[in-house]
Amino acid sequence: MNIEINNIDRKLLMDRSSPGRIGATLPPLDVPKQKLPPNNYLRDNIDLPELSESELVRYFSKLSQFNFSIDHNFYPLGSCTMKYNPKINDEIASMKGLSNLHPLQDESTIQGALKLMFELQESLCEITGMDNISLAPMAGADGELAGMLMTKAYHLSNKNPQRKKILIPDSAHGTNPASAAMAGFEVITLPSDPKGNADIEALKSSVDETLAGLMITLPSTLGLFDTNILDVCKIVHNAGGIVYGDGANLNSLLGRVKLGELGFDIIHSNLHKTFTQPHGGGGPGAGPVIIKKFLSDYLPSPIVKYNQKTNYYSLYSPINTIGKMGAFHGNFGALVRAYSYIKTLGGSGINQISQNAVINANYIRTQLKDYFTLPFDRTCMHEVVLSAKDYKQKYNISALDIAKRLIDYGIHPPTMYFPLIIDEALLIEPTETESKDTLDYFIEVMKTISKEAKDNPELLHNAPHNTPNTRVDEALAARNPNLRWTSSNI
Ligand SMILES: *Cc1c(COP(=O)(O)O)cnc(C)c1O
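Residues numbered from 1 in each chain as written. Predicted model: local features only at pLDDT ≥ 70, side-chain atom pairs only at ≥ 80, totals over all residues. Heavy atoms only, no water.

## A closer look at the packing of helix α10 (residues 332–368) against helix α13 (residues 436–455)
Each pair of packed helices can be described by the angle between their axes along with the distance between the axes.
Here is step 1 of the chain: Two elements in contact, α10 and α13, have axes separated by 10 Å at closest approach and are oriented at 30°. As judged from the angle between their axes, α10 and α13 are roughly parallel. Between α10 and α13 lies a crossing whose hand is right-handed. Contacts between α10 and α13 involve Asn360, Tyr363, Ile364, Gln367 and Leu368 on the former and, on the latter, Lys436, Leu439, Asp440, Phe442, Ile443, Met446 and Lys447. (Axes fitted to C-alpha atoms, helices over the stretch in contact; angles between N-to-C directions. Helix = DSSP H or I, 4+ residues; strand = E, 2+ residues; numbered from the N terminus. Parallel < 35°, antiparallel > 145°, perpendicular 65-115°, else oblique. Left-handed = near helix turned anticlockwise from the far one by under 90°. Contact = heavy atoms within 4.5 Å.)

Okay, structure coming up:
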């Protein structure tokens, strides 16, 4: 018998099978016994595993722990981080009165759901300092696309078809240029200045009568608040452009800064980042598009309105709507979670988020800046970008090696090689909910890895060592994916 000492039992379900073992007990038959179909329709050679109930439970429970998860480990991803996902929001979203609704039900029978959507619309406008909103977009990038299509519709209805150019700083999220291009705009990249802000001189020389607008991520993907933002908005407005703000991650601004008051005309926020909603594996999400009044007629439909006199909620479609961003009313489950999150935290709870998010990221920044290159040595927002370029040069240790080694210490790797403008980038977002103990553990681990890089680089090149799968060939996996499981894969 093989005795496993590393606690990772790789045996497959089939290999655990023992003939005659049964894991289920059926209740006594309470219907008349039926005759089986003729023998030539029946198979008796199906290779199914035979296991006891507890063997089966252990197998699947262990399998579930092979995944890194926010419920098991610190997860300082950066940019697309899952922030705070209290379980109560899932419970509320699965209440039958909400989860069993059918999207084709008559309005009069879903007044509660519409009221929830209406109040969420109001809360998000209030939090962001904007006037109007559509909850329809089902992801951040979907919200961006909606905003770009609205920008296009606005210029066309003002007889400005020549406005085809969207300016996007090089510190923007990658979805920004993709969304602008999908809406048919020409994308012009703006450089960042040495402090990490949008370069004002470059902006001034890029605006003209062909400008449709500017898309800026705030805070930027460098984790920085662009201190030129008021000037940026002014320059774009004076040239007749629309200012679009990517507010996917608003954690550092909540209750402190309202994007609407800075001068933004259109923004989106990711409910699946800033406002709860677990989003592992790419979904589900919601990216409401939130706007100033003068753009209301172009919003994607449907929008919920409330008639105070009749105390009745209904859906409507604005007169010049860009149309629908998806089926029905948006991603309702995500909307319920965000509503529950905002109501649970209340005004003071929401404000606390930004304070903690910023303090946590800056604590990591100050503790690690002597160990890793800090491309922008200034106060950061909810995340901090470090660079491993010195390790690359001196020890041939890449950001990837460091990220993989973190897994051995039970920490999810941060976002790597993004933002693109930083060599060997490690983008770290601790989130507002982590304790000082957790942050101190992470800092100690990063210092230990820094030492390992110098003393024992091979250890990092081959990391991770303690996981069911060790270093995988990610390029091969991406180019030649083999998604069909067979036992011979193992
Ligand atoms: C995640 C993210 C997006 C894209 O959101 P999706 O829901 O993944 O489409 C856009 N901008 C920023 C800054 C982000 O962090």
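Picking up where we left off.
## Things to note about a nonpolar patch on the surface
Here is step 1 of the chain: Among the surface-exposed residues, Leu56, Phe60, Leu63 and Phe66 lie close enough to one another that they form a single nonpolar patch of about 350 Å² accessible area.
Here is step 2 of the chain: Following the sequence through the fold, phenylalanine 66 ends up in the loop between α1 (53–65) and α2 (87–93).
Here is step 3 of the chain: A residue is classified by how much of its surface remains accessible, and phenylalanine 66, at 38% relative accessible area, is partly exposed. (Patch = residues over 30% accessible without salt bridge, like charges linked within 9 Å, V, L, I, M, F, W, Y side chains within 5 Å. Areas by Shrake-Rupley, 256 points an atom, 1.4 Å probe, with all protein chains shown as cover. Salt bridge = Lys/Arg side-chain N within 4 Å of Asp/Glu carboxyl O. Buried < 20%, exposed > 50% of the residue type's maximum accessible area, 1.4 Å probe, protein only.)

## Observations regarding unusual backbone geometry
Here is step 1 of the chain: Residue proline 302 follows serine 301 across a cis peptide bond; omega there is 0°.
Here is step 2 of the chain: Relative to the elements of secondary structure, proline 302 occurs in the loop between β7 (289–291) and β8 (303–307).
Here is step 3 of the chain: Cis rather than trans, the peptide bond between alanine 463 and proline 464 has omega equal to 0°.
Here is step 4 of the chain: Its place among the elements puts proline 464 in the loop between α14 (457–461) and α15 (474–479).
Here is step 5 of the chain: Positive phi, normally seen in glycine, also occurs at serine 79, with a value near 65°.
Here is step 6 of the chain: Among the structural elements, serine 79 can be located in the loop between α1 and α2.
Here is step 7 of the chain: The exposure class of serine 79 is buried, given its relative accessible area of 3%.
Here is step 8 of the chain: Positioned with a positive phi, glutamate 424 is a non-glycine residue whose angle comes to about 45°.
Here is step 9 of the chain: Inspection of the secondary structure puts glutamate 424 in the loop between β11 (415–416) and β12 (425–428).

## Some remarks on the site of the ligand
Here is step 1 of the chain: Around the ligand sit 15 residues in total, of which Gly140, Ala141, Asp246, His272 and Lys273 are the nearest.
Here is step 2 of the chain: Backbone polar atom of glycine 140 to an oxygen atom of the ligand: 2.8 Å apart, as the coordinates give it.
Here is step 3 of the chain: One of the side-chain N or O atoms of lysine 273 is found 2.7 Å from an oxygen atom in the ligand.
Here is step 4 of the chain: Contact with the protein chains covers 87% of the free accessible surface of the ligand, which is 380 Å².
Here is step 5 of the chain: Top element by residues in the shell around the ligand is helix α5 (residues 140–157). It accounts for 3 residues.
Here is step 6 of the chain: Residues that form the shell around the ligand fall into these classes: 4 nonpolar, 8 polar and 3 charged. (Near = heavy atom within 4 Å. Polar contact = N/O pair within 3.5 Å; in protein donor to acceptor, adjacent residues only side chain to side chain. Nonpolar A, V, L, I, M, F, W, Y, C, P; charged D, E, K, R; others polar.)

## A word on helix α4 (residues 111–128)
Here is step 1 of the chain: If you check α4, its first and last C-alpha atoms are 26 Å apart, about what 18 residues at 1.5 Å a residue would give, namely 26 Å.
Here is step 2 of the chain: Counting buried residues along α4, 13 of its 18 residues qualify, which places the element largely inside the surrounding structure.
Here is step 3 of the chain: Positioned one or two residues after α4, glycine 129 has a phi angle of 75°, which is positive. (Expected span 1.5 Å × (residues − 1).)

## As for the pattern of salt bridges
Here is step 1 of the chain: According to the stated counting rule, one finds 18 salt bridges in the structure shown.
Here is step 2 of the chain: Where lysine 115 meets glutamate 119, a salt bridge forms, and the shortest distance between an N and an O atom there is 3.9 Å. Taken together, the positions of lysine 115 and glutamate 119, both in helix α4 and 4 residues apart, correspond to about one turn of that helix.
Here is step 3 of the chain: Where lysine 436 meets aspartate 440, a salt bridge forms, and the shortest distance between an N and an O atom there is 2.9 Å. With lysine 436 and aspartate 440 both in helix α13, this residue pair falls 4 residues apart, about one helical turn.
Here is step 4 of the chain: One connected set of salt bridges, linked through shared partners, spans Lys115, Glu119 and Lys343.

## Quick word on the sheet that holds strand β1 (residues 132–134)
Here is step 1 of the chain: Ordered in space as β1-β7-β6-β5-β4-β2-β3, the 7 strands form an open sheet in which the pairing is mixed. Edge positions in the open sheet fall to β1 and β3 (186–190), since each of these has one partner strand only. The sheet shows a mean angle of 20° between the axes of neighbouring strands, taken without regard to direction.
Here is step 2 of the chain: Note that strand β2 (residues 165–169) and β3 share 5 bridges and pair parallel. Note that in β3 the partner of lysine 165 across the bridge is glutamate 186.
Here is step 3 of the chain: Lying over the sheet, α5 contacts β2, β4 (211–217), β5 (242–246), β6 (266–268) and β7, oriented at roughly 175° with respect to β5. (Pairing = 2+ DSSP bridges.)

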